[in-house]
Amino acid sequence: MSTAMQDRPGAKTFSRGIHPAENKELAEHQAIEVVPTPAEVLIPLLQHVGPPCNASVKAKDEVTVGSKIAASEAFISAPIHATIDGVVGRATVATLPNGRHVEAIPIKAGAQKNTPEEIKRDFLGGEWSTANLERFTSEQIVAAVREAGIVGQGGAGFPTSVKIAMNPKKPVDTVLVNGCECEPYLTADHRLMLESPASIITGALLCARASGADRILIAIEDNKPDAVAAMEKAATGTPIKIVVLKTKYPMGGEKQTILSSTGRIVPTGGLPLDVGVVVVNVATASAIARAVLRNKPLTHRIITVTGAGIRNPKNLLAPIGISYGELIEFCGGLTPEARRVVAGGPMMGFTIGNLATPVTKGTSGITVMTEDDLSSCAETACVRCGRCVDVCPVNLVPTKLALASRHQDWELAKRYHILACIECGCCGYSCPANIPLVQLIRMGKAKARE
Amino acid sequence: MENKMSEEQQKTAAQETAMPAPSLEVAPGPHLHTTALSTRRMMADVLIALVPLIVVALAVFRMGAVRQLVVCTVAALVAEYLFNTMRKKPFSLGDGSAAITGVILALSLPGTAPWYVGAIGSFAAIGLGKVVFGGLGQNIFNPAMVGRAFVMIAFPAAVGASAYVDASAVVEAVTRATPLTALKQEGLPTTLMDLFLGNTNGSLGETSALACLIGGLYLCLRRTASWEIPAGVITAVGVIAGLMNLTDLQAHWTVLHHILGGALLFGAFFIATDPVSSPLTPKGKWIFGAGVGALVMLLRKLSGYPEGVMFAVLIMNALVPLINRWTIPVPVGGPVPAPKS
């Protein structure tokens, strides 16, 4: 094992990064509510990294919550399930917030078997026993997670079954459950840690069993002391350790979380697996527990609907495939000042122009920004002040990368390590000249890969 | 009042009946932006930091300082306006960069220099120093130093060492040679207290080490100037002057004389820190600062000029692209691996 693999405690923080206004108070005290079943959901057949799924139902088929409606033979994939009781409609195309067009299946709601209270109890409440988890083998857990269609709920959407499966070439010694939630405004993970800590604990234990890890850490930023307390209480009697990290953006980026909590550095272009770590988001851990203990697929997720452009910010337990517009409507609608509807948080989220867009397994929030939140200043010349260099968590020179992209000088871009960029947005946040650094670098990355 | 009420009621009623449809925009992230920072704010910081230097200049040089500051600032703004109009570029006096160039140029000149020296220097600073490279952010050299170098070569009698002595000055110090000239020609030391407070002759902005430190620390605390650059300059001067002291224990100038005297602190905090013409990374800034400090000591010791800050900064400006290339930071996690194919 290399030196990076040795057990260093981690400094609880990482170099550079930023401290944007958190604005979490808008939604952090709103208990999770179940959204009333919409008249129709539109379920995209690609909600994960990997090839799209193929529909296994046809129009007019009757489905219930949890029926499998699409799957793929590919190894890196996750099946997709019906999220409401109803009737399948004609397949159509949905546009996801990242601009990708994917095939999607609409389901028209029929009579719902479960009441909102039952749905909430099924997801968050009840018993999440940590006893006797040895009865599940690694293979059983991985199979259950695959069958349940679980993908990383932090947003990247990597199929979880692939991540947690034992890899004989790259043994794993640590499961790191990520409860940092460093994006400003978002509080979905925070609420989950408060309202269902036991499911996260059980999920983490199952994850460790599946991957063969003997150490389990749960990383939480120190701006959520109530979540730390709840998780510590729930972890009593288990080997799980809660690691309290300094609040800083982008702490929740998995490379930053790993570095801060274990001291290990994931190589550029590598995976957490390369340093013996599996990282899962708290919501993913909870979904794993539900899949294994209750044999239930991923049909709903917790979504924060927040921002100054929302009348009543809330944390919602919503069926996947419901539209952004319906969630916003349930939160009282947009205020007249609303200007941008962002899928996710304000740092890394994409704006959406069409509120009929469906939410997916990776949607952690909807942040509606107003004119006041947004910088209206025009772009000015770069004076090479170096702020972007001072805040880049990866230690890049963003202004050079943006310049190289603008001049289409891909050699210069590569010399300055453009592909190491994680697109966290720290540079764009800090630039006094309002240069669209992230957008330029994103373009450069796409070109440099060619 | 009633009218107003009913209007508001109508508005809310309209919102309730029709779903409020604010015009939504689609734009790239991040959707949050720091409000603490803008290019204008940075420029304003520099002007604020220059206030203590201007106050000392006015106290020591009186009308000479007033004339030079007014002439250079006005000329720099006029030059910026004219060149922008010629190039059909948008109005840019608002960003404050031209005003800063004018004030720094004025503070780097002697109070005795005739008005046309300041005016021509300002035009050279803006025109040759900045506009020919493409305007703000594109220039290689510090514009104010380009202007000063221009007038130093064009008007040696008005800007050279002997021009500083002003027999008719109100403040006694100004009737004497500058501390570095006194040292170079007659080996006369100046007291550290005079150098610290500014009771000496010299260019307008450089006399008081205290004023430079106050303004400079403000700039560094605001992080408008990178502290690595003055730290590099002062470290290099300290080390080299210290070695010189050790080899010549009778030297009139100690390490502190070299740091507090001449334009060193003015240059370290206000000229070398110009972000456009200095390196991007902390490591590069250290190298740049140390280079400036070493060249200053080389020029002070070996060249025919008593002081070397201007040439030191210009030479190091020319090396910035090379320093940037040498100091490309390695990403956390190492370089990007070559594609497998």
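Residues numbered from 1 in each chain as written. Chains lettered and ligands numbered in written order. Predicted model: local features only at pLDDT ≥ 70, side-chain atom pairs only at ≥ 80, totals over all residues.

Draft legend 1. Quick look at the overall build of chain B. The helix and strand inventory of chain B stands at 15 helices and zero strands. Viewed in the frame of its principal axes, chain B has a C-alpha envelope of about 90 × 65 × 40 Å. Within chain B, the fraction of its 341 residues that count as buried is 49%. Taking all contacts inside chain B whose residues are at least 6 apart in sequence as the whole, residues at least 24 apart take part in 73%. (Helix = DSSP H or I, 4+ residues; strand = E, 2+ residues; numbered from the N terminus. Buried ≥ 20, exposed ≤ 12 C-beta atoms within 10 Å, placed from the backbone. Contact = placed C-beta atoms within 7 Å.)

Draft legend 2. View of the overall build of chain A. A count of helical and extended segments in chain A gives 14 helices and 18 strands. Scaling as 2.2 N^0.38, a compact globule of 450 residues should have a C-alpha radius of gyration of about 22 Å, and chain A matches this with 21 Å. Projected onto its principal axes, the C-alpha positions of chain A cover 60 × 55 × 40 Å. Relative to its full complement of 450 residues, chain A shows a buried share of 57%. Intrachain contacts of chain A at a sequence separation of at least 6 include 73% that bridge at least 24 residues. (Rg over C-alpha atoms; globule rule 2.2 N^0.38 Å.)

Draft legend 3. Quick peek at the interface of chain A and chain B. Facing the 55 residues of chain A at the interface are 37 residues of chain B. Listed by contribution, the elements that provide at least two residues to the side of chain A that touches chain B are β16 (338-343), β17 (350-352), α10 (387-391), α13 (426-430) and α14 (437-449) of chain A. The greatest single-element share of the side of chain A that touches chain B, amounting to five residues, is contributed by β16(A). When grouped by side-chain class, the residues that make up the side of chain A that touches chain B number 33 nonpolar, 16 polar and six charged. (Nonpolar A, V, L, I, M, F, W, Y, C, P; charged D, E, K, R; others polar.)

Draft legend 4. Representation of the pairing of strand β8 (residues 92-95) of chain A in the model. Residue and element names in this part refer to chain A. Bridge count for β8 against strand β9 (residues 101-109) is four bridges, and the pairing is antiparallel. Within β9, the position partnered with Ala 94 by the bridge is Val 102. Between β8 and β9, which pair antiparallel and follow one another directly, the connecting turn spans five residues, one of which, Gly 99, has a positive phi of 95°. (Pairing = 2+ DSSP bridges.)

Draft legend 5. Main features of the environment of B:Gly261. Residues and elements named next belong to chain B. For Gly 261, the location among the structural elements is in the loop between α12 (255-260) and α13 (264-271). When the C-alpha positions of Gly 261 and Leu 47 are compared, they lie 23 Å apart, and in sequence the two are 214 residues distant. Ignoring sequence-local partners within four residues, the contact set of Gly 261 consists of Pro 179, Leu 180, Thr 190 and Leu 195.

Draft legend 6. Quick look at the packing of helix α2 (residues 39-61) of chain B against helix α3 (residues 63-86) of chain B. All names here are of chain B. Here α2 crosses α3 at 135°, and the two axes come no closer than 6 Å. Viewed along their axes, α2 and α3 adopt a mutual orientation that is oblique. Contacts from Ile 54, Ala 57, Leu 58 and Phe 61 of α2 reach α3 at Gly 64, Ala 65, Val 66 and Leu 69. Taken together, the residues that form the contact of α2 with α3 break down as seven nonpolar, one polar and no charged. (Axes fitted to C-alpha atoms, helices over the stretch in contact; angles between N-to-C directions. Parallel < 35°, antiparallel > 145°, perpendicular 65-115°, else oblique.)

Draft legend 7. Examining unusual backbone geometry more closely. Here the bond from A:Tyr249 into A:Pro250 is cis, since omega is -5°, no more than 30 degrees from zero. A cis amide bond links B:Gly29 to the next residue, B:Pro30, at an omega of -10°. Although it is not a glycine, A:Lys12 adopts a positive phi angle of roughly 70°. Residue A:Lys12 is classed as partly exposed on the basis of its C-beta count, with 17 C-beta atoms lying within 10 Å.

Draft legend 8. Spotlight on the nonpolar core. Ranked by size, the top nonpolar core spans 241 residues in total, and within it A:Ala204, A:Cys207 and A:Leu327 carry the most contacts. It is α2(B) that provides the largest number of residues to this core, a total of eleven residues. (Core = buried A, V, L, I, M, F, W, Y, C linked by C-beta atoms within 7 Å.)

Draft legend 9. The arrangement of the confidence of the model for chain B in detail. All names here are of chain B. Per-chain confidence: chain B averages 87 in pLDDT, with 93% of residues scoring 70 or above. Across residues 1-18, where pLDDT falls below 50, the model places one contact with residues more than four positions away in sequence or in other chains. The complex model carries a pTM of 0.88, and its ipTM stands at 0.85. (pLDDT = per-residue confidence, 0-100.)

Draft legend 10. Highlighting the environment of B:Val255. Residues and elements named next belong to chain B. As for its position among the elements, Val 255 is in helix α12. Using a count of 18 C-beta atoms within 10 Å as the deciding quantity, one classes Val 255 as partly exposed. Setting aside anything within four residues of it in sequence, one finds Val 255 in contact with Gly 238, Ala 241, Gly 242 and Asn 245.

Draft legend 11. Seen up close, the sheet that holds strand β5 (residues 68-71) of chain A. Residue and element names in this part refer to chain A. An order of β3-β5-β6 is seen for the three strands of this open sheet, with the pairing classed as antiparallel. Here the strands that pair on one side only, and so sit at the sheet edges, are β3 (54-55) and β6 (80-81). Here two bridges tie β5 to β6, and the two strands are oriented antiparallel to one another. From the neighbouring strand, Ala 70 faces β6, where its bridge partner is Ile 80.

Draft legend 12. Structural detail: the domain arrangement of chain A. Residue and element names in this part refer to chain A. Domain assignment breaks chain A into domain 1 (3-32 + 119-293), domain 2 (36-113), domain 3 (306-373) and domain 4 (387-449). Relative to domain 4, the C-alpha centre of domain 1 lies at a distance of 29 Å. If you look at the interface, domain 1 gives ten residues, while domain 4 gives ten residues. (Domains from an automatic or database assignment.)

Draft legend 13. Layout of the packing of helix α14 (residues 282-302) of chain B against helix α15 (residues 309-326) of chain B. All names here are of chain B. Viewed as axis vectors pointing N to C, α14 and α15 meet at an angle of 150°, and their least axial separation amounts to 9 Å. The crossing of α14 and α15 is right-handed. Of the residues in α15, those in contact with Gly 284, Ile 287, Phe 288, Gly 291, Val 292, Leu 295, Val 296 and Leu 299 of α14 are Val 309, Phe 311, Ala 312, Val 313, Ile 315, Met 316, Leu 319, Val 320, Ile 323 and Asn 324. Of the residues assigned to the contact of α14 with α15, the class counts are 15 nonpolar, three polar and no charged. (Left-handed = near helix turned anticlockwise from the far one by under 90°.)

Draft legend 14. View of helix α5 (residues 197-211) of chain A. Under the 1.5 Å per step criterion, the end-to-end length of α5(A) is 21 Å for 15 residues, consistent within 8% with the ideal 21 Å. The positive-phi residue at the C-terminal boundary of α5(A) is A:Gly212, with phi of around 80°. (Expected span 1.5 Å × (residues − 1).)

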